[in-house]
Amino acid sequence: MLPTDSIQEIYEMSKLKIGYVPLAKGNWREPRVETVREQALHLLQNLNAGYEVVGGGELITTDAEALALLEHFEKEHVDVLVFHYITFALGSIAPLMTERSRLPVVFWSMPEPAMDGGRISSNSFCAVNMNAHALWKLKAHYIHVHAGMETAADKLRGAVSPVAAIKRLRRTKLGMVGSRAPGFYTSGANELLLRRQLGVEIDNITLYELTEIAEKMPKEKVDEAVEWLKDSSCGICGPTGEELRKGAALYLAFLEVKQKFSVDVFSVKCWPEFAQYYGIGVCAILGMLNDRSILSGCEGDVYGTVTMIMENELTGGLPFFCDLISIDGAQNTGITWHCGAAPKGLRRPGADAKLRQHSIIDGGDKKGLTNEFPLKPGRVTLARVSETRDNDGYRMLITTGAAVETEQLLRGNPLRVQFDAPLPELARTLIYEGFEHHFAVIHGEIVEELHNICRLLDIEPVIVK
């Protein structure tokens, strides 16, 4: 157990720190400008409990003031700069602070105040236009929000939450359990490219070590974990008591390995070795881990897991690792599905859930352990981080739809989605642009947030709409 002061230090390090820079032209000061600054500071301070705002106590109008504020930001280890153009401002401040800090930037412009025939009183958008040009020339990374105080909160969250997601990626160690599934080139990953561009570290963990830990797990711990396993579903249909104990011990082994190697998430080679040598499939166990936001992708798919991290950070929700298995439904509906590793938190209200023997392993219904149920309805975003064709960078597939009421159409975890994009267009993109067959689906609409991650990390967005 970490001491309390260490836990607090880790918590402070994980917080997103926003450096607020309220900008105005020195000779444009007036009471309205100070009022807007105070309102904006209050708004930013209430964006998210996990965010901290640094600065913003006074208007910045000169380079000297900007440098003093930047020194404060450096001491506080700020993660992102929010340049708020309350009025027009000097064109030197944003490039100066951005180049010296090398931080991502959010430009915030506001609608013009009512015009009554007098002099211009804000010129906020024009100021951002001018400064964005400078940062574009400098190849700096920035996001633009244009909003008045009444609508700014959601838009600013959409601009800074991608920075939080990137911060999380850069602190993530991914436990690669085994390797990719045999023949699944779609699950492969360039380890050093991933480390360089997205910041995620991979730690290789052998299946042997994991199962050895599971097999040596004390009986009393396994007894307790069996109850947790049962609680992850609504009932049992097929698995033996021995299979339940193997699954419970494996769950505990994952938790032990997570602590031993200080990993945050897992990509797991879920077949064929688990069934062949340990005696069960691992699906239901991955579902339990995902339910705790210990995000775990199937079939050794690293980039699928990385996509899950982004979606979880942006929404706070549980992602669904899946295939798109049907594009043939009426009313532009497709079916996303996987074997039975969905977290219980995604179960459709009122739907039954059963721990079952795997529907595919050894021909089906021979060995546990899956958790089978249909998923809940709602607006969803489907995404996938993918390497470019020349393996020198990344792209991201993004599309949206409405998950509709889904029955147990087939064994495993099905979800019927009425896509916004025409399914033939989505299919053409997947096939002719060479995207992998695994995706991460999240409840919520986060196209702009994912697009902003692409902007900040030089990922090519492929938005199908």
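Since this is a predicted model, take the numbers as computed values, not measurements.

Visitor: Can you tell me about a nonpolar patch on the surface, naming the residues and giving the values?
Guide: On the surface, Ile325, Leu409 and Leu410 cluster together into a nonpolar patch covering about 220 Å² of accessible area. By the element assignment, isoleucine 325 lies in strand E11 (residues 320-326).

Visitor: Can you explain the sheet that holds strand E10 (residues 296-297)? Please cite residues and give values.
Guide: Spatial strand order, E7-E6-E9-E10: 4 strands in an open sheet with parallel pairing. The open sheet has two edge strands, strand E7 (201-205) and E10, and neither has a second partner. Two strands pair when backbone bridges link them, and strand E9 (residues 265-268) and E10 are joined in this way by 2 bridges, in the parallel orientation. Following the sheet pairing, serine 267 is matched in E10 by glycine 297. Relative to E9, helix H10 (residues 241-261) is tilted by about 120°, and along the sheet it contacts strand E6 (173-177), E7 and E9.

Visitor: Tell me about the packing of aromatic side chains, and please be specific about residues and values.
Guide: Where two aromatic rings form a pair, the distance of their centres and the angle of their planes describe that pair. Counted under the stated rule, the structure contains 7 aromatic pairs. Considering the side-chain rings of tyrosine 303 and tyrosine 394, the 5.2 Å spacing of their centres and the 75° angle between planes classify their relative orientation as edge-to-face. With tyrosine 303 in helix H13 (residues 302-315) and tyrosine 394 in strand E16 (residues 394-403), this residue pair connects regions lying 91 residues apart in the sequence. Taken individually, tyrosine 303 and tyrosine 394 each receive the classification buried, so the pair is uniform in this respect. Above the plane of the ring of tyrosine 278 lies lysine 246, whose end atom (NZ or CZ) is 4.5 Å from the centre. It is arginine 395 that lies over the ring of phenylalanine 435; its NZ or CZ is 3.8 Å from the centre.

Visitor: Could you give me a rundown of the confidence of the model for the chain, with the residues and numbers involved?
Guide: Of all residues in the chain, 97% have pLDDT values of 70 or greater, and the mean over the chain is 95. Within the model, the stretch residues 1-11 combines pLDDT values under 50 with 3 contacts to residues more than four positions away or in other chains.

Visitor: Give me H10: which residues, what numbers.
Guide: When the terminal C-alpha atoms of H10 are compared, their 30 Å separation across 21 residues agrees well with the 30 Å that a helix rising 1.5 Å per residue should span. Directly beyond the C-terminal end of H10, a positive phi value near 55° is found at serine 262.

Visitor: Tell me about the layout of surface pockets, residues and numbers included.
Guide: The probe, sized like a water molecule, is rolled over the atoms to show the empty space still left. Of the volumes computed, that of the second largest pocket is approximately 510 Å³. Contributing to the lining of the second largest pocket are 19 residues, with Arg102, Leu103, Pro104, Ile166 and Arg170 lying nearest its centre. Elements with a minimum of two residues in the lining of the second largest pocket: helix H4 (93-101), helix H6 (152-170) and helix H15 (447-457). Residue contributions to the lining of the second largest pocket peak at 4 residues, all from H6. Taken together, the residues that form the lining of the second largest pocket break down as 8 nonpolar, 3 polar and 8 charged.

Visitor: So, empty space enclosed by the protein: which residues are in play, and what are the values?
Guide: Per the counting criterion, the structure on display carries 3 cavities of 30 Å³ or more. Around the largest cavity, the lining residues are Asn290, Ser296, Cys298, Met308, Pro319, Phe320, Phe321, His338, Ala341, Ala342 and Pro343. Among the residues making up the lining of the largest cavity, the classes are represented as 8 nonpolar, 3 polar and no charged.

Visitor: Which residues make up H4, and what values go with them?
Guide: For H4, the buried fraction is high: 7 of the 9 residues fall into the buried class. Considered for burial, the residues of H4 that qualify are Ile93, Ala94, Pro95, Leu96, Met97, Thr98 and Ser101. Taken together, the buried residues of H4 touch strand E1 (16-23), helix H3 (63-76), strand E3 (80-85), strand E4 (105-109) and helix H5 (124-137). Just past H4, the residue arginine 102 takes up positive phi, approximately 60°.

Visitor: Lay out unusual backbone geometry in plain terms, naming residues and giving numbers.
Guide: Here the residue pair tryptophan 271 and proline 272 is connected by a cis peptide bond, since its omega of 5° sits within 30 degrees of zero. The residue proline 272 is located in the loop between E9 and helix H11 (273-278) in this model. Even without glycine at this site, aspartate 365 takes up a positive phi of about 55°. Of note, aspartate 365 is situated in the loop between strand E13 (354-357) and strand E14 (368-372).

Visitor: I'd love a proper account of the sheet that holds E14, names of residues and values included.
Guide: In space, the 3 strands of this open sheet follow the order E8-E13-E14, with mixed pairing throughout. Of all the strands in the sheet, the pair left with one neighbour each is strand E8 (236-237) and E14. Where E8 and E13 come together, 2 bridges link them in parallel fashion. The partner of isoleucine 236 across the bridge, within E13, is leucine 355.

Calculation rules
- By convention here, each chain's residues receive numbers from 1 onward along its written sequence.
- Totals for whole chains, interfaces and linings use all residues, but because this is a predicted model, local features are given only for residues with pLDDT of at least 70 and pairs of side-chain atoms are given and counted only at 80 or more.
- In computing side-chain properties, one takes all heavy atoms of the structure into account and sets aside hydrogens as well as water.
- Patch membership requires more than 30% relative accessible area and the absence of a salt bridge. Residues of like charge join within 9 Å; the nonpolar side chains Val, Leu, Ile, Met, Phe, Trp and Tyr join within 5 Å.
- Residue-level accessible areas treat just the shown protein chains as cover; the underlying method is Shrake-Rupley with a 1.4 Å probe.
- What counts as a salt bridge is simple: a side-chain nitrogen of Lys or Arg found within 4 Å of a carboxyl oxygen of Asp or Glu.
- Strands are runs of DSSP state E lasting at least 2 residues, helices are runs of H or I lasting at least 4, and numbering of each runs from the N terminus.
- When DSSP finds two or more bridges between a pair of strands, those strands are recorded as paired.
- A contact between two residues is defined here by any heavy atoms of the two lying within 4.5 Å.
- Under this scheme, a helix contributes an axis fitted over its contacting stretch, all axes are lines through C-alpha atoms, and angles between N-to-C directions fall in the 0 to 180 degree range.
- Each aromatic pair joins two rings of Phe, Tyr and Trp (for Trp, the six-membered one) with centres within 6.5 Å, and gets the label stacked for planes under 30 degrees apart, edge-to-face for over 60, and tilted for any other angle.
- Per-residue accessibility, obtained with a 1.4 Å probe over protein chains only, is compared with the maximum for each type, and a residue is labelled buried under 20%, exposed over 50%, and partly exposed between these values.
- Only when the NZ of Lys or the CZ of Arg is both within 6 Å of the ring centre and within 35 degrees of the ring normal is a charge said to sit over the ring.
- pLDDT is defined as a per-residue confidence score from the predictor, taking values between 0 and 100.
- Take the residue count of a helix, subtract one, and multiply by 1.5 Å to get its expected span.
- Residues are said to line a cavity or pocket when one of their atoms sits within 4 Å of a point; the points come from a 1 Å grid over protein atoms alone, cavities being sets where a 1.4 Å probe fits but cannot get out and pockets being open sets with protein on both sides within 12 Å along at least five of seven lines.
- Grid points are joined across faces, edges and corners, and a volume is the space filled by probe spheres set on the points.
- Note on residue categories: nonpolar means Ala, Val, Leu, Ile, Met, Phe, Trp, Tyr, Cys or Pro, charged means Asp, Glu, Lys or Arg, and polar means any other residue, Gly included.

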